[in-house]
Amino acid sequence: MGKRITDKVTWVGKIDWELKSFHGDELSTFAGSSYNAYLIRDEKTVLIDTVWGPYDREFVARLKEEIDLKEIDYIVMNHNESDHSGALPELMREIPDVPIYCTKKGEGILRGLYHQDWNYVNVKTGDTLEIGDSTLTFIEASMLHWPDTMFTYMSDENILFSNDGFGQHYASEMLYADAENMNHVIDEAEKYYANILSPFNMFVKKKLAEILEMNLPIDLIAPSHGVMWRRPEDIQTIIGLYQKWCDNYQEDQITIIYDTMWQSTRHMAQALEVGIQRKSPNTNIKLMNVAKEDKNDILTEVFKSKAILVGSPTIANGYSYGIAGILEMIKGLKIKGRKAAAFGSYGWSGEAAKLISAHLEEAGFEIVKEGIRVQWAPDQSSTEEVRSYGEEFAEAL
Ligand code: FEO
C-alpha cells in the first residue's frame, strides 16, 4: 500500500533496505535507499516516476492495490535513469496509451533503454499541465545530474518533486527527514551531493538561483531517493546547503589519502600530519588508507577539503591500484580551486610521487610542491624531512 502524504498525494515508491551499492559498484549506499514514486489524485490522476527494474512487478502490483491503473491519466518522468524508469515497461504493458510527460532528452533515453514507441509528450521549463485544483509546472534541470532531468512543481499543495536533487541514499519507512536522525540524513545528502552532483556545480548554482527567483511557495521537497523535507527550517537548511556546496565549497580540512605495502608510506602520511599540525593547528586533518576506507567516503572528504595529499609506494614503476582507482574517481569530481601534492616511499625506482602529481594536475588540482619521496623505511632524519614538508605544504595553502 502507498503512504499518504497529503489528501491528493500518495507515496507509491519502493524502499530498498538491501541496497549497499549503486551504479554497479560505483557508489556505496550503506544506509540503503528508496526509489520514490508519487501518485497524485486531483481531477486527473498522475504518476510521478517509477522504481528500479528488479522491483517492477512488485511496484505495479502495489500500485494496483492503490488504484485501478486505467484511472491514471498521465505519467510524469522527471528523470529516466534506470532506477526511476525501470518499472515503466511493466507498467506500460497494462496502460500502453497513457501519455508520458518528459523532456525531449528524456524521451531519447526512454527510447534508447526500452525501444518502445510510447505516447511521449515533450515538455520544457514553464510548460504546465492542469490536473484540477492543482497545476503541474515543469522545470528543466539539465545536468542535475543527467541531461534529461527535470523537476515538477505542484501548485496548491506546493510540492517540488525534485527527483535526484535534494535526495539521499537513505532507507526509511518514516518518509520525512525530521522523523529521522537529521545529522545522519544530512551526512547522506552531502555524500550524495559530493559523489553525484558536485561535478555539475555550475548547473546546480544556476538552477537554484532560477528556482528561488520563481518565488514558488514550497511546503515539501519530494526527491526520488531517501526522505522528504517538509519543515520550513529543513527546507531552508537543505536549500542553503546546496547553495553552499555548489559554490566552491571547502572547509578548513586537508585529507591525506594513501596506500601502503610495508608501512613506510603510512609512516610518511603520519609525519605529514604532524608537520601540518605544527603550522596549522586548527586545520582538520583526515588520514584515509584507500585499502581500508570506502571510496565514496574518501570522495566526500576530498569534496570538503581545501587541499589533499596523495601517497603510494612505488609498485612496478607506478602506484598502487587502490591509489589508481581513487585518483580516477577524484578526476571525475571535476574539482576546481584546490591544492595538492604527492608523496611515497620506494625501494629502487621511485616514480609514484611524480606520477601521482601528474594525475592530480590533470584532475584540476594546483600542485603546490614537488612530491616527496623516502627510500626504504623512514628514519628519524627523513621523518623530520617529511614533517617539514607537511609544514611547508600547509604554509603554501
Ligand atoms: Fe536516481 Fe540519476 O537516478
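As shown above, the structure is provided for reference.
Criteria and thresholds
Residues numbered from 1 in each chain as written. Predicted model: local features only at pLDDT ≥ 70, side-chain atom pairs only at ≥ 80, totals over all residues. Heavy atoms only, no water. Phe/Tyr/Trp six-rings, centres within 6.5 Å; stacked < 30°, edge-to-face > 60°. Buried < 20%, exposed > 50% of the residue type's maximum accessible area, 1.4 Å probe, protein only. Patch = residues over 30% accessible without salt bridge, like charges linked within 9 Å, V, L, I, M, F, W, Y side chains within 5 Å. Areas by Shrake-Rupley, 256 points an atom, 1.4 Å probe, with all protein chains shown as cover. Salt bridge = Lys/Arg side-chain N within 4 Å of Asp/Glu carboxyl O. Helix = DSSP H or I, 4+ residues; strand = E, 2+ residues; numbered from the N terminus. Core = buried A, V, L, I, M, F, W, Y, C linked by side-chain atoms within 4.5 Å. Contact = heavy atoms within 4.5 Å. Pairing = 2+ DSSP bridges. Axes fitted to C-alpha atoms, helices over the stretch in contact; angles between N-to-C directions. Expected span 1.5 Å × (residues − 1). Arc of directions from axis to C-beta. Polar contact = N/O pair within 3.5 Å; in protein donor to acceptor, adjacent residues only side chain to side chain. Parallel < 35°, antiparallel > 145°, perpendicular 65-115°, else oblique. Left-handed = near helix turned anticlockwise from the far one by under 90°. Nonpolar A, V, L, I, M, F, W, Y, C, P; charged D, E, K, R; others polar.

Moving on to the packing of aromatic side chains. With the rule as written, the count across this model stands at 15 aromatic pairs. Ring geometry for Trp 118 against Tyr 120: centres 6.4 Å apart, planes inclined by 55°, an arrangement best described as tilted. Take Trp 118: its relative accessible area is 9%, and that puts it in the buried class. On the accessibility criterion, Tyr 120 (12% relative accessible area) is buried. A centroid spacing of 4.5 Å and a plane angle of 40° characterise the contact between Phe 166 and Tyr 242, whose relative ring orientation is tilted.

On the surface, Met 261, Trp 262 and Ile 315 cluster together into a nonpolar patch covering about 370 Å² of accessible area. As for its placement among the helices and strands, Ile 315 is situated in the loop between strand E19 (307-311) and helix H10 (321-332). Since its relative accessible area comes to 30%, Ile 315 is described here as partly exposed.

Further remarks concern the nonpolar core. It is characteristic of soluble globular proteins that their nonpolar side chains tend to be buried jointly. Counting residues in hydrophobic clusters, the biggest one holds 64 residues, and the most contacted among them are Ile 75 and Trp 229. Every element with two or more residues in this core is listed here: helix H1 (56-66), helix H3 (88-94), strand E10 (100-102), helix H4 (104-114), strand E14 (150-154), helix H5 (182-197), helix H6 (201-214) and helix H7 (232-245). Here the element with the most residues in this core is H5; it accounts for 8 residues. For Ile 75, the residues in contact, after removing those within four places along its chain, are Leu 47, Leu 88, Leu 91, Met 92, Ile 95, Val 98, Pro 99, Ile 100 and Tyr 101. In this structure, Val 9, Ile 40, Leu 136 and Leu 175 belong to the second largest nonpolar core, which totals 26 residues.

Turning our attention to the sheet that holds strand E16 (residues 220-223). Pairing within the open sheet is mixed, and its 5 strands lie in the order E12-E13-E14-E15-E16. Pairing within the sheet leaves two strands with one partner each, and these edge strands are strand E12 (128-130) and E16. Here the average twist between neighbouring strands, direction ignored, is 20°. Note: E14 against strand E15 (residues 159-163), 3 bridges, orientation antiparallel. Bridge assignment links Met 154 to a residue of E15, and that residue is Ile 159. Along the sheet face, H6 touches strand E13 (135-140) and E14 and points at about 150° away from the line of E13.

The end-to-end C-alpha distance of H10 is 17 Å, a good match for the 16 Å that 12 residues give at a rise of 1.5 Å each. Looking only at H10, the buried set comprises Gly 322, Ile 323, Ile 326, Leu 327, Met 329 and Ile 330. One side of H10 holds all its buried residues, which, seen down the axis, span an arc of 165°. Those residues of H10 that are buried are in contact with strand E17 (253-258), helix H9 (295-304), E19 and helix H11 (352-362).

Attention shifts here to the pairing of E13. For E13, the tally of buried residues reaches 5 of 6 residues, placing the bulk of the element in the interior. Relative to E13, E12 runs antiparallel, the two sharing 3 bridges. Directly across from Leu 129, in E13, lies its bridge partner Leu 136. Here E12 folds back onto E13 in antiparallel fashion, the turn holding 4 residues, of which Gly 132 has a positive phi close to 135°. Examined bridge by bridge, E13 and E14 share 5 bridges and lie antiparallel to one another. From the neighbouring strand, Thr 137 faces E14, where its bridge partner is Tyr 153.

Take H5 next. Of all 16 residues that make up H5, 12 are buried, and the element is covered over most of its length. Buried residues of H5: Val 185, Ile 186, Glu 188, Ala 189, Glu 190, Lys 191, Tyr 192, Tyr 193, Ala 194, Asn 195, Ile 196 and Leu 197, and no others. Structurally, H5 contributes buried residues whose contacts are with strand E5 (27-28), H6, H7 and H9. Between the side-chain oxygen of the N-cap and the backbone nitrogen of Asn 183 there are 3.0 Å, and the N-cap of H5 in question is Asn 181.

Per the counting criterion, the structure on display carries 28 salt bridges. The residue Arg 278 makes a salt bridge to Glu 391 at a minimum N-O spacing of 3.0 Å. Of this pair, Arg 278 sits in helix H8 (residues 264-279) while Glu 391 is found in helix H12 (residues 380-396), placing the two residues 113 residues apart along the sequence. Residue class for Glu 391 comes out partly exposed when judged on its relative accessible area of 26%. Put simply, Glu 392 and Lys 369 hold a salt bridge, and the shortest N to O gap is 2.8 Å. With Glu 392 in helix H12 and Lys 369 in the loop between strand E21 (366-367) and strand E22 (372-375), this pair connects stretches of sequence that are 23 residues apart. The partly exposed category is assigned to Glu 392, whose relative accessible area is 39%.

For the rest of this paragraph, the subject is the side chain of Asp 234. On the secondary structure map, Asp 234 appears in helix H7. For Asp 234, a relative accessible area of 5% gives the class buried. A distance of 2.8 Å separates polar atoms of two side chains, one belonging to Asp 234 and the other to Arg 231. Filtering out sequence-adjacent residues up to four positions away, Asp 234 remains in contact with Asp 178, Met 182 and Trp 229.

Between H9 and H10, whose axes approach to 10 Å, the crossing angle comes to 50°. Comparing the axis directions of H9 and H10 gives the class oblique. Classified by chirality, the crossing of H10 by H9 is right-handed. Packed against H9, whose contacting residues are Lys 295, Asn 296, Ile 298, Leu 299 and Val 302, the element H10 presents Ile 326, Met 329 and Ile 330 at the interface. Taken together, the residues of the contact of H9 with H10 break down into 6 nonpolar, 1 polar and 1 charged.

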